[in-house]
Amino acid sequence: MNSILQHDLNDFGNILEKTKKQGIDFLNNLENIPTSNKNSIDYSRELNELGLGSLAALEEFNERLAPLMVASSGPRYWGFVTGGSTPASIVGDWLTSIYDQNTQAVKAQGGVSALIEFETINLLLQLLELPKSFLGGFVTGATMSNFTSLGVARQWFGKQSGKDFAKNGISEKINIFSATPHSSSIKALSMLGIGSQNYTTIQTIEGNREAIDIADLEQNIKSLNGKPFVLISSAATVNTADFDDFEAISKLKEKYNFWWHIDAAFGGFAAVSDKYKHFIKGWEGADSITIDCHKWLNVPYESAFYLIKEQHTALQIETFQNSNAPYLGNPLENFNYFNVVPENSRRLRALPVWFSLLAYGKDGFRDIVENNIALALHFGNALIEEASFELLAPIRLNNVCFTLRGDHNQEKVSQFLSELNDTGKVFMTPTVYQNRKGIRASFVNWRTTENDIKIVITEMKEVFSKI
Ligand SMILES: *Cc1c(COP(=O)(O)O)cnc(C)c1O
């Protein structure tokens, strides 16, 4: 063994102790760590011939890189839709690295890890009150979940006219409908060879809405004259957290032949609360659903899952099978994750979620979701009371879409936001909504409190007074 490696092996306990202590210091100080950092690094560092050993590498990391880390898992990082990491999720994440299982087949090396993934999906179905007719698996994010789901939808579409697109390529136009798809679904259409422009935009409900206008959808369906199509619907759009009407879509499903996908990356968590589950009523009728865990479940990146109805498993295997190697056997008999997802080798990505669900239960996640929504409303009300801000859309869930009050201030929005983000006290994301420049604050983090809103409003007033 290389002597440096040997030394590290002998010193394992000490190395991990130091790392643990550093982790505790960071996490316990998260509130005071800036949410943005303008400093950069010179990344031309040369690779040394002789290794430094873990502790010297840690020293260099602490000198050069650690000071640049931002508190994106802290209570005032409201950019994008960003969760944090709870204690239990970090336990699961650490142990995922420590046990380092390759999560593929049930009957293979690391086999129990595939069963842990089954168990975790089963727990998630209970959390979200979804039926067992869905099978699921973990991927790195909602983008890959949309990709996986729409990949199976693509195969389904071909099969409607007896074609196997996975084997022979796409040989006809795939009809795709959506009203306000997330950019990642469009990216998935590009990656799947369908084409990012090859979808029909359905109108949204009139007024301040991003949800599908069901009458317009039905018009478009009728113009297909009975041909199949794929519907990409939304459980919470990113700007205004708007939901499509899933009960109405379920009714259409009784009349027409289509694959129904729901991007519920964060909105799916409305299901954990009696107050908000009406938003997702009827979603169990979908063929596939995308849900992120590194958002509202507050586990570390990269964690999301897909849910696809069991009746489509054969199509899913046709799309993703890796079983050209003969020793792998019949993919339907010997379930193996690498025949149903894009990746082959996979870490035990379910474990942080498994720990979180056991540690905090339904009640814990209901509290996170309801607290975050209450905070969004609280922040929205605070904005309304200030003369300088206005809401761009009503607050339906956990996202607040607002701007500087008055059209004359439109040109100042970008400067305001960049100066606000530069304070390091809060981070928000720019957006454009109904042709107006806006700002989005998303409440997803389990640590956020009313005091954070106070801090942010004070900063916002201060920054606005200076621009
Ligand atoms: C965040 C998000 C995505 C993309 O998720 P990643 O985890 O970043 O891949 C897709 N859809 C919606 C609605 C989202 O909010």
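Everything numeric here is computed off the predicted structure, so don't read it as measured data.

S.K.: Describe helix α13 (residues 413-422), listing the residues and the values that go with them.
M.R.: Along α13, the positions that sit buried rather than exposed are V413, F416, L417, L420 and N421. In an axial view of α13, the angular spread of the buried residues amounts to 125°, which keeps them on one side of the axis. Against the buried residues of α13 lie β8 (389-391), β9 (399-404), β10 (429-433), β11 (436-442) and α14 (450-466). A positive backbone phi angle near 75° is found at G424, which sits one or two residues after α13.

S.K.: Account for the sheet that holds strand β1 (residues 134-139), naming residues and giving values.
M.R.: The pairing of strands in a sheet happens through backbone hydrogen bonds and is either parallel or antiparallel. Reading across from one edge, β1-β7-β6-β5-β4-β2-β3 is the order of the seven strands in this open sheet, with mixed pairing throughout. Only two strands of the sheet have a single partner each, and these edge strands are β1 and β3 (200-201). Packing of helix α10 (residues 246-255) onto the sheet brings it into contact with β4 (229-234) and β5 (258-263), and relative to β5 it is tilted by some 165°.

S.K.: Describe a nonpolar patch on the surface, with residues and values.
M.R.: A cluster of nonpolar side chains, namely M1, L5, L9, F12 and L16, defines an oily patch on the protein surface of about 550 Å² accessible area. Looking at the nonpolar patch, the elements that each hand over two or more residues are α1 (3-10) and α2 (12-28). Locating L5 in the fold gives a position in helix α1. A relative accessible area of 53% means that L5 is categorised as exposed.

S.K.: For the UniProt feature "modified residue: N6-(pyridoxal phosphate)lysine" (unreviewed entry) in the chain, give the residues involved together with the corresponding values.
M.R.: Mapped onto the present numbering, the UniProt feature "modified residue: N6-(pyridoxal phosphate)lysine" (unreviewed entry) falls at K295. With respect to the helices and strands, the residue K295 is situated in the loop between β6 (288-292) and β7 (304-309). Sequence-distant contacts of K295, defined by excluding residues within four places in its chain, comprise V81, G83, A265, F266 and V444. Looking at K295, its side chain comes within polar contact range of the side chain of D292, at 3.2 Å.

S.K.: I'd love a proper account of the pairing of β10, names of residues and values included.
M.R.: Two faces, one strand: in a regular strand the side chains alternate between the faces of the sheet. Along β10, the buried face is formed by T429, T431 and Y433; none of P430 and V432, which line the opposite face, is buried. Here β10 runs beside β11; their pairing, made up of five bridges, is antiparallel. When the sheet's bridge partners are listed, V432 is paired in β11 with K437. The antiparallel hairpin formed by β10 and β11 contains two residues in its connecting segment, where Q434 sits at a positive phi of about 45°.

S.K.: Any details on the site of the ligand? Residues and values, ideally.
M.R.: In the vicinity of the ligand there are 13 residues, among which T143, D263, D292, H294 and K295 approach most closely. Note that an oxygen atom of the ligand is positioned 2.6 Å from one of the side-chain N or O atoms of T143. At 3.4 Å from a nitrogen atom of the ligand is found a side-chain nitrogen or oxygen belonging to H182. For the ligand, the accessible surface in isolation is 380 Å², of which the surrounding protein chains cover 83%. Looking at side-chain class alone, the shell around the ligand contains five nonpolar, five polar and three charged residues.

S.K.: Run through the nonpolar core, naming residues and quoting values.
M.R.: Formed by 59 residues in total, the largest nonpolar core has its most connected members in L128, W283, I289, L297 and L397. Apart from the residues within four sequence positions on either side, I289 is in contact with L130, F134, S145, S149, H261, I262, A264, W283, F305, Y306 and L307. Grouped together as the second largest cluster of nonpolar side chains are 27 residues, V139, L150, F165 and V340 included.

S.K.: Describe in detail the environment of F26, supporting the description with residues and values.
M.R.: Turning to its location among the elements, F26 is positioned in helix α2. Among residues more than four places away in sequence, those in contact with F26 are I33 and V70.

S.K.: Pulling in residues and values, what's your account of the sheet that holds β11?
M.R.: In spatial order, the strands read β8-β9-β11-β10; together these four strands make up an open sheet with antiparallel pairing. The sheet is open, and its two borders are formed by β8 and β10, each paired with just one other strand. Geometrically, the sheet is characterised by an average inter-axis angle of 45° between neighbouring strands, direction not taken into account. As paired strands, β8 and β9 are joined by three bridges and run antiparallel to one another. Bridge assignment links E390 to a residue of β9, and that residue is T403. Across the face of the sheet, helix α12 (residues 351-385) comes into contact with β8, β9 and β11 while running at roughly 15° to β9. Contacting β8, β9, β10 and β11, α13 runs over the sheet at an angle of about 25° to β11.

Parameters and conventions
Throughout, residues of each chain are indexed from 1 in the direction in which the sequence is written. Whole-chain, interface and lining totals are the exception, using all residues; otherwise, since this is a predicted model, local features are given only for residues with pLDDT of at least 70 and side-chain atom pairs are given and counted only at 80 or more. Processing note: side-chain calculations cover all non-hydrogen atoms of the structure and skip hydrogens and water entirely. When accessible area is computed with a 1.4 Å probe and restricted to protein chains, residues below 20% of their type maximum are described as buried, those above 50% as exposed, and intermediate ones as partly exposed. Every helix listed is a DSSP run of H or I at least four residues long, and every strand listed is a run of E at least two residues long, numbered separately from the N terminus. Arc definition: it is the arc formed by the directions from the helix axis to the C-beta atoms. Any two residues whose heavy atoms approach within 4.5 Å are treated as being in contact. Between any two strands, at least two bridges found by DSSP are needed for them to pair. Axes here mean lines fitted to C-alpha atoms, for a helix over just the part in contact, with angles spanning 0 to 180 degrees between N-to-C directions. Patch criteria: residues need more than 30% relative accessible area and no salt bridge. Like-charged residues are merged within 9 Å; nonpolar side chains of Val, Leu, Ile, Met, Phe, Trp and Tyr are merged within 5 Å. Every accessible area reported is derived by Shrake-Rupley at a probe size of 1.4 Å, with residue values counting cover from the shown protein chains alone. Salt bridges are defined as contacts in which a side-chain nitrogen from Lys or Arg sits within 4 Å of a carboxyl oxygen from Asp or Glu. UniProt positions are given in the numbering used here, feature names are shortened, and annotations may be inferred rather than shown by experiment. We define a polar contact as two N or O atoms separated by no more than 3.5 Å, with the added condition that, inside protein, one atom must be a possible hydrogen donor and the other a possible acceptor, whereas residues neighbouring each other in sequence contribute only through side-chain atom pairs. Definition of nearness: a residue and a molecule or strand are near each other if at least one heavy atom of the residue lies within 4 Å of the molecule or strand. Only Asp, Glu, Lys and Arg are considered charged, only Ala, Val, Leu, Ile, Met, Phe, Trp, Tyr, Cys and Pro nonpolar, and every remaining residue, Gly among them, polar. Among the buried residues, those of types Ala, Val, Leu, Ile, Met, Phe, Trp, Tyr and Cys that are joined through side-chain atoms within 4.5 Å form a nonpolar core.

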